[in-house]
Amino acid sequence: MSSIVPFESDPIRPAEPRCLTISVDGERIEGLRGQSIAGILLAQGRTAWRTTVAGRERGVFCGIGVCFDCVGTVNGESDVRLCLRRARDGDTVETQDDSEEDTR
Amino acid sequence: MKHVLVIGAGPAGLTAAVAAADAGARVTVLDSGTGPGGQYWRHLPPERPSRREARLHHGWSEFERLRERTERDGSIDVVTEAQAWAIETTGGATVHALIGPSDAAGREALALEADSLVFATGAHDRTLPFPGWNLPGVFSAGAAQALAKGERIAVGRRAVVAGAGPFLLPVAQSLTATGSTVLGVYEAARTPALAKGWLPRPWRLLSSARKGGELAGYLAHHLRHRVPYRLGRAVVEARGDGRVEEAVIARLDADWSPIPGTELTVAADAVCVSHGFTPRLELPIAAGCEIGPDRFVTVDDDQRTSVDGVWAAGEITGIGGVDAALAEGRVAGHLAAGGDRSAIGPARRRRRASADFARRIEAAHGVRPGWTAWMREDTVVCRCEEVAYGALLGTAAATEQGSLRSVKLTTRAGLGICQARMCGRTVEELTGADPSRAADTSDRRPLAAPVRLGDLAGLSSKDDPQKGEH
Amino acid sequence: MRTDVVIVGAGIIGAACAREAARAGLSVTVVDRGAAASATSARGEGNLLVSDKAPGPELDLALLAADHWPGLAAELADELGGAFPDIEYQRKGGVVVATTPEGAEPLRAFARRQTELGVEAADLSVPEALELEPHLDPAVAAAVHYPQDAQVQPVIATEALLASARRAGAKILPHSEVVGPVRDRNGRLGGVRTAAEAISAGAVLVAAGPWSGEVARTLGADLPVRPRRGMVLVTSRMRQRVFHKVYDADYFGATQSSDEGLQTSSVIESTPGGTVLIGSSRQQIGFDDRLRVEVLARIARKALRLFPFLETTSAIRAYGGFRPYVPDHLPVIGEDHRDPGLWYATGHEGAGIGLAGVTGALIGAQLTGAEPALDPRPFQLSRPSLAAHLSPGGPT
């Protein structure tokens, strides 16, 4: 399972992070300021959020905006690479499901 | 005063920017990331300051020096979150970029024409497909690294690192530094290939002193953490119900073909794989730069491309590591600004020493054709369009096609949203395409990034590039 | 090498002609300078339209093609079996809209003239148009439904025709550029020379799309075919929201224009792959294939006028190609009256995919002396409307 290094025990001695809240498919999720949306999901242990045409789950693969596996809909705009997109407080994220007809 | 436009703010791009400013130019740097540093110095955002971030990096003081300089110097403007999406060459080269949060609608449009252009767009991992590589929990090695350094995310608790090349070592180190247990680093190259690549002239490795030290450091780190480093092995399958639960590791022959009966299954929740690098060539190609048979931007000893006024530096000119990138960036930036060649003799010599490193990596770790033996009929080759290996080869055979354009359009391999960035080289190799032909290369992408139609429609109707102002 | 017919060009026109000729019992060799199915045939949407054809010979050809395609698609599927990809033939119908009040009546009048000649066309009220295309901008001034309009995946269709031609004995030689003619002592054309060999043939058929003028010149003839550049945008995958071929009525004006400057007109449709194709542009700039952002911007602007929802969708790819343009806007199909043995099947501009099958049939019939399905004379090079475009001295 993916996770985030707890800042208290991180040897690089980070300052105490500040939080923000986004909603993912209607659920409120807390993240840290400066995180990418994918980073927030991975920190929650979520490694998959998109569903392909064949009904397979996908999450981050390349992590640097090249593979587009991690795309989601952010504030109504589809196909946003969540690994690149910095979260902003109040962002509304919807996961994308290409396997369903007529529901996106 | 010359205006130099640098694309990419990694080691090569930042060095080029500083060298160009030192030579008297006004410099604009565009980078699609949220901060400078590129993938090599991928770091935490300013919202998450850390006192000992340097621990995660090599050459961090060099980065801090470059960053401070570019921030302080009024003649250098680093524009982050700047996605260059097209280059027009109907007049002088015009670079079109959108500025703002990644993939957002309504970003600010910029059209730049500069006196000189320096490409430093870098490279991304090349991952060969294998059964299960599309399961969540399989990452490119670069993803594991970027998430560890840039977000302090551990992609898994029990991780396997596999593929080919010296880059696997820092990835494993980054993983252990996030608290992951690295079960092993599995390098496809076998001892003879490594010896051929690295041993005949070991002083060459040492002469590229920092690189040698960096690698030695990683090995020491792995000894300390008891991370096994195994040669001649590969992850030939990832398995799990909806996500990775185990990895199958097999021994390889010299051709990278798995040796039957040697499979070993380990429980893991993350598999991090890289088989080398693919340079990001779409923008240099759009600018008209010649690409060599080695699939890198062709440059001369001055980092000059085949197009007048256009330079290239860093991994797009050959995978040479950070020392090469810094030396090349310095040469490119200095000359792009109209600087005198006599001032950069040392950088040009360092650049040559590093080129040797690139050749050694290819000799030791270059992809060998036997890997296809681990593929199955239903193994996905194109992740976006979920095109399976059997369907791809079957259609190419039915159409008797070796040309990539037709193969892509008849199978949909490489037609998806990543535009063949992940599978392009693999599809080329599997179908026998000849990438020296324009119709057969997967690197040509006139749209270098997705653009929303509303943003396209909103572009000013007159061709009116701003001269570097925004 | 000896063959009855050598065809220059392995695009969809060459493929369809090769298939017909080979099935008629002729020995056929197809040569192409590049790979098969990789130039103009791989650069378009795959339109099989009757809606954009004005009364005249091209409409006759298009109506024949509309009748011909379902059978051809079924034959290819039967012959090639399940291992071959589906050519994605869909008789999805077209919806042509006028976006301005001034454009409404000309669109309706055009449709009325077409229906007199057998085109199925139904004038739609705005609610009816929205029933067919719920995401269309309700501000459209007029709309006409053309159920005969269809779509095919052009590269798969080309490959299928080539595969079928191969099964009938045709030989396909990619990467074989024609460098000159083979002529006998009297100057009669008797084949072509490629870099590798001389191929002697009773008939040489030029089906090289926009490059046909150059191929003809290499063979010693002049042919008024010129390239006309076009660009198409492809979106990322989305839930289907466009159900027909939907285009702006000003598209017809753009196809029939001889203006060399840039013209854009909306043509929008979904593909079975889940993407939306957005065209179109027409520009006569030779074989200059450099990207022009202004062209893309204009295509996008016009597309949003038809489907406002497209505003936030992403274009992931832009591709451009060259269409074979003939000054009188009709294809050239048949033997050169000045140079026996030299044949043409080219100049279809944007209609080549749709008209390929019937073009192949016309060529096949003429090569074998069979009765053609329609009068071939309007498509011959000797037609009066091209006289002014041929060099007065005749073949060189």
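These numbers were taken from a predicted model, which means no experiment stands behind them. Numbering of residues begins from 1 in every chain and follows the order in which that chain's sequence is written. Chain letters start at A and ligand numbers start at 1, both assigned in the order the entries are written. Thresholds applied to this predicted model are a pLDDT of at least 70 for local features of residues and 80 or more for the giving and counting of side-chain atom pairs; totals over whole chains, interfaces and linings are not thresholded and use all residues. Where side-chain values are given, they derive from all heavy atoms of the structure, hydrogens and water being excluded.

### Digging into the overall build of chain A
Then, number 1: Only DSSP runs of H or I with at least four residues qualify as helices, and only runs of E with at least two residues qualify as strands; both kinds are numbered from the N terminus onward. Scanning chain A from N- to C-terminus turns up one helix and eight strands.
Then, number 2: Its helices and strands in sequence order give chain A the pattern β-β-β-α-β-β-β-β-β, from N to C terminus.
Then, number 3: Within these notes, the globule rule equals 2.2 Å times the number of residues to the 0.38 power, and the radius of gyration is based on C-alpha atoms. In terms of overall size, chain A behaves like a compact globule, its C-alpha atoms giving a radius of gyration of 14 Å where 104 residues would be expected to give roughly 13 Å.
Then, number 4: Taking the contacts inside chain A whose residues are at least 6 apart along the sequence as the reference set, 40% of them involve residues at least 24 apart.
Then, number 5: Approximately 4,200 Å² of chain A is accessible, and the part contributed by carbon and sulfur atoms is 42%.
Then, number 6: Just so you know, the count uses Lys and Arg for positive and Asp and Glu for negative, and it drops His and the chain ends. By convention, the charge on Lys lies at NZ, on Arg at CZ, on Asp at CG and on Glu at CD. Averaged over its 13 positive side-chain charges, chain A has a centre that lies 7 Å from the centre of its 18 negative ones. Contact between two residues is taken to exist if any of their heavy atoms lie within 4.5 Å; hydrogens are not considered. Note on areas: Shrake-Rupley with a 1.4 Å probe; residue coverage comes only from the protein chains shown.

### A look at the sheet that holds strand E13 (residues 229-231) of chain B
Residue and element names in this part refer to chain B.
Then, number 1: Strand order in this open sheet of five strands is E9-E17-E11-E12-E13, and the pairing throughout is parallel. The two strands at the open ends of the sheet, each matched to only one other strand, are strand E9 (138-140) and E13. With direction set aside, neighbouring strand axes in the sheet form an average angle of 20°.
Then, number 2: A pair of strands counts as paired when DSSP detects no fewer than two bridges linking them. In terms of strand pairing, strand E11 (residues 158-163) meets strand E17 (residues 270-274) through five bridges, oriented parallel. Residue pairing in the sheet places Val-160 in a bridge with Val-271 of E17.
Then, number 3: Helix axes use the C-alpha atoms of the stretch in contact, all axes being lines fitted to C-alpha atoms, and the angles between their N-to-C directions lie in the range 0 to 180 degrees. Relative to the sheet, helix H3 (residues 141-151) contacts E9 and E17, its axis offset from that of E9 by approximately 85°.

### Section: the pairing of strand E7 (residues 116-119) of chain B
Residue and element names in this part refer to chain B.
Then, number 1: Summary of the burial criterion: residues with accessible area below 20% of their type's maximum are buried, those above 50% are exposed, and those between are partly exposed, where the area comes from a 1.4 Å probe applied to protein chains only. The alternating pattern of E7 places Ser-116 and Val-118 and Leu-117 and Phe-119 on opposite faces, both of which are buried.
Then, number 2: Two strands pair when backbone bridges link them, and E7 and strand E19 (residues 310-312) are joined in this way by three bridges, in the parallel orientation. In the sheet register, Leu-117 faces E19, and the bridge partner there is Val-310.

### Here we look at the sheet that holds strand E3 (residues 27-32) of chain A
Residue and element names in this part refer to chain A.
Then, number 1: Here five strands make up an open sheet; going across it, the order is E3-E2-E8-E6-E7 and the pairing mixed. Taken across any chain shown, the strands that pair with only one partner, and hence form the sheet edges, are E3 and strand E7 (77-81). The mean inter-strand angle of the sheet, taken between neighbouring strand axes irrespective of direction, is 40°.
Then, number 2: Relative to E3, strand E2 (residues 19-24) runs antiparallel, the two sharing six bridges. Opposite Thr-21, over in E3, you have Glu-30 as the bridge partner.

### Quick look at the pairing of strand E11 (residues 198-206) of chain C
Residues and elements named next belong to chain C.
Then, number 1: Sheet analysis places strand E1 (residues 2-8) next to E11, joined by six bridges and oriented parallel. Each bridged residue has a counterpart across the sheet, and for Val-8 the counterpart in E11 is Val-206.
Then, number 2: In the sheet, strand E10 (residues 189-194) pairs with E11 via three bridges, with the strands oriented antiparallel. Counted as the bridge partner of Val-192 is Ile-199 from E11.
Then, number 3: In this structure, the hairpin formed by E10 and E11 is closed by a connection of three residues.
Then, number 4: With three bridges connecting them, E11 and strand E18 (residues 342-346) associate as parallel partners. Of the residues in E18, the one forming a bridge with Leu-205 is Trp-343.

### Overview of the pattern of salt bridges
Then, number 1: Only one rule defines a salt bridge in this text: a Lys or Arg side-chain nitrogen within 4 Å of an Asp or Glu carboxyl oxygen. All told, the structure shown has 45 salt bridges over all chains when counted by the stated rule.
Then, number 2: Asp-443 of chain B is the partner of Arg-295 of chain B in a salt bridge, and the nearest nitrogen-oxygen pair spans 2.9 Å. Pair noted here: Arg-295 of chain B is in the loop between helix H8 (282-286) and E19 and Asp-443 of chain B is in the loop between helix H13 (424-431) and strand E22 (451-452), with a separation of 148 residues, a long-range link. Each member of the pair, Arg-295 of chain B as well as Asp-443 of chain B, carries the same accessibility label: buried.
Then, number 3: Between Glu-79 of chain C and Arg-23 of chain C there is a salt bridge, and its shortest N-O distance comes to 3.5 Å. With Glu-79 of chain C in helix H2 (residues 57-80) and Arg-23 of chain C in helix H1 (residues 12-23), the pair connects residues that are 56 residues apart, well separated along the chain.
Then, number 4: Judged by relative accessible area, Arg-23 of chain C falls into the partly exposed class, the value being 44%.

### Some remarks on the interface of chain A and chain B
Then, number 1: Each side of the interface is counted separately: chain A has 46 residues, and chain B has 52 residues.
Then, number 2: Buried area: the accessible surface (1.4 Å probe) lost by two parts on joining, summed over both. Each partner contributes to the roughly 4,500 Å² buried at the junction of chain A and chain B, and carbon and sulfur atoms together form 52% of this total.
Then, number 3: Summed over the three residues of chain A that lose the most area to chain B, namely Ile-12, Arg-13 and Phe-61 of chain A, the buried surface amounts to 18% of that side.
Then, number 4: Counting across the chain A and chain B interface gives three salt bridges.
Then, number 5: Note that Arg-383 of chain B is salt-bridged to Asp-69 of chain A, the shortest N-O span being 2.5 Å.
Then, number 6: Broken down by element, the side of chain A that touches chain B gets its largest block of residues, five residues, from E7 of chain A.
Then, number 7: Strand direction decides the pairing type here: strand E1 (residues 3-4) of chain A and strand E10 (residues 153-154) of chain B, joined by two bridges, are antiparallel. Bridged to Ile-4 of chain A within E10 of chain B is Ile-153 of chain B.

### A few points about the domain arrangement of chain B
Residue and element names in this part refer to chain B.
Then, number 1: In terms of domains, chain B is made up of domain 1 (3-124 + 278-362), domain 2 (127-275) and domain 3 (376-440).
Then, number 2: Residue-level contacts link seven residues of domain 2 with six residues of domain 3.
Then, number 3: For the pair domain 2 and domain 3, the summed buried area comes to about 710 Å², and 53% of that belongs to carbon and sulfur atoms.
Then, number 4: One can count one salt bridge joining domain 2 with domain 3.
Then, number 5: Any N or O atom pair separated by 3.5 Å or less is treated as a polar contact, with the protein-specific requirement of one donor-capable and one acceptor-capable atom, and with residues adjacent in sequence counted only for side-chain atom pairs. Linking domain 2 with domain 3 are three residue pairs in polar contact (both at pLDDT 80 or more), by the criterion used here. Those domain boundaries reflect an automatic or database domain assignment.

### Considerations on helix H1 (residues 11-22) of chain B
All names here are of chain B.
Then, number 1: Here the expected span of a helix is defined as 1.5 Å times the quantity of residues minus one. Between its first and last C-alpha atoms H1 spans 16 Å; for twelve residues at 1.5 Å apiece the expected length is 16 Å, and the two agree.
Then, number 2: Most of H1 sits inside the fold, with eleven of its twelve residues counted as buried.
Then, number 3: Regarding H1, the residues found buried are Pro-11, Ala-12, Gly-13, Leu-14, Thr-15, Ala-16, Ala-17, Val-18, Ala-19, Ala-20 and Ala-21.
Then, number 4: Taken together, the buried residues of H1 touch strand E1 (3-7), strand E2 (26-30), helix H2 (60-72), strand E3 (76-79), E7 and helix H9 (321-336).

### Points about the environment of Ser-2 of chain A
Then, number 1: If you trace the backbone, Ser-2 of chain A turns up in the segment before E1.
Then, number 2: Among the residues examined, Ser-2 of chain A registers a relative accessible area of 1% and is labelled buried.
Then, number 3: Along the backbone, Ser-2 of chain A and Ala-54 of chain A are 52 residues apart, and their C-alpha atoms lie at a distance of 24 Å.
Then, number 4: Look past the residues within four positions of Ser-2 of chain A in its chain and what remains in contact with it is Leu-42, Gly-45, Arg-46 and Thr-47 of chain A together with Ala-154, Val-155 and Gly-156 of chain B.
Then, number 5: Engagement of the side chain of Ser-2 of chain A in a polar contact is seen with the backbone oxygen of Leu-42 of chain A, the distance being 2.8 Å.

### Section: the nonpolar core
Then, number 1: In these notes, a set of buried Ala, Val, Leu, Ile, Met, Phe, Trp, Tyr and Cys residues joined through side-chain atoms within 4.5 Å is what counts as a nonpolar core. Among the nonpolar cores identified, the biggest contains 70 residues, and Ile-7, Val-28, Leu-61, Trp-69, Ile-87 and Leu-205 of chain C are the most heavily contacted of them.
Then, number 2: Among the elements that make up this core, the one with the highest residue count is H2 of chain C (eleven residues).
Then, number 3: Leaving out residues up to four positions away in the same chain, Trp-69 of chain C has contacts with Leu-48, Ile-87, Tyr-89, Val-152, Ala-157, Ile-353 and Gly-354 of chain C.
Then, number 4: With 56 residues, the next largest nonpolar core counts Cys-67 and Phe-68 of chain A together with Val-236 and Ile-417 of chain B among its residues.

### Focus on the packing of aromatic side chains
Then, number 1: Only Phe, Tyr and Trp rings take part, Trp by its six-membered ring, and two of them pair if their centres are within 6.5 Å. Stacked means planes under 30 degrees apart, edge-to-face means over 60, and tilted covers everything else. Enumeration over the complete set of coordinates arrives at eleven aromatic pairs over all chains.
Then, number 2: The interplanar angle of 90° and the centroid separation of 5.6 Å between the aromatic rings of Phe-61 of chain A and Trp-133 of chain B together place this pair among those described as edge-to-face. Remark: Trp-133 of chain B occurs in the loop between strand E8 (123-125) and E9 and Phe-61 of chain A occurs in the loop between strand E5 (57-58) and strand E6 (71-74); the pair is interchain, linking two chains. The pair Phe-61 of chain A / Trp-133 of chain B is uniform in exposure class, with both members buried.
Then, number 3: Pairing Phe-287 of chain C with Phe-322 of chain C gives two aromatic rings, centres 5.2 Å apart and planes at 70°, and the pair type is edge-to-face. Here Phe-322 of chain C lies in strand E16 (residues 314-325) and Phe-287 of chain C lies in the loop between strand E15 (276-282) and helix H8 (293-306), a separation of 35 residues in the sequence.
Then, number 4: The exposure class of Phe-287 of chain C is partly exposed, given its relative accessible area of 30%.
Then, number 5: To sit over a ring, a charge needs its Lys NZ or Arg CZ within 6 Å of the ring centre and within 35 degrees of the ring normal. Residue placement shows Arg-383 of chain B over the ring face of Trp-133 of chain B; its charged tip is 4.7 Å from the ring centre.
Then, number 6: We note Arg-229 of chain C situated over the ring of Phe-322 of chain C; from NZ or CZ to the ring centre the distance is 5.3 Å.

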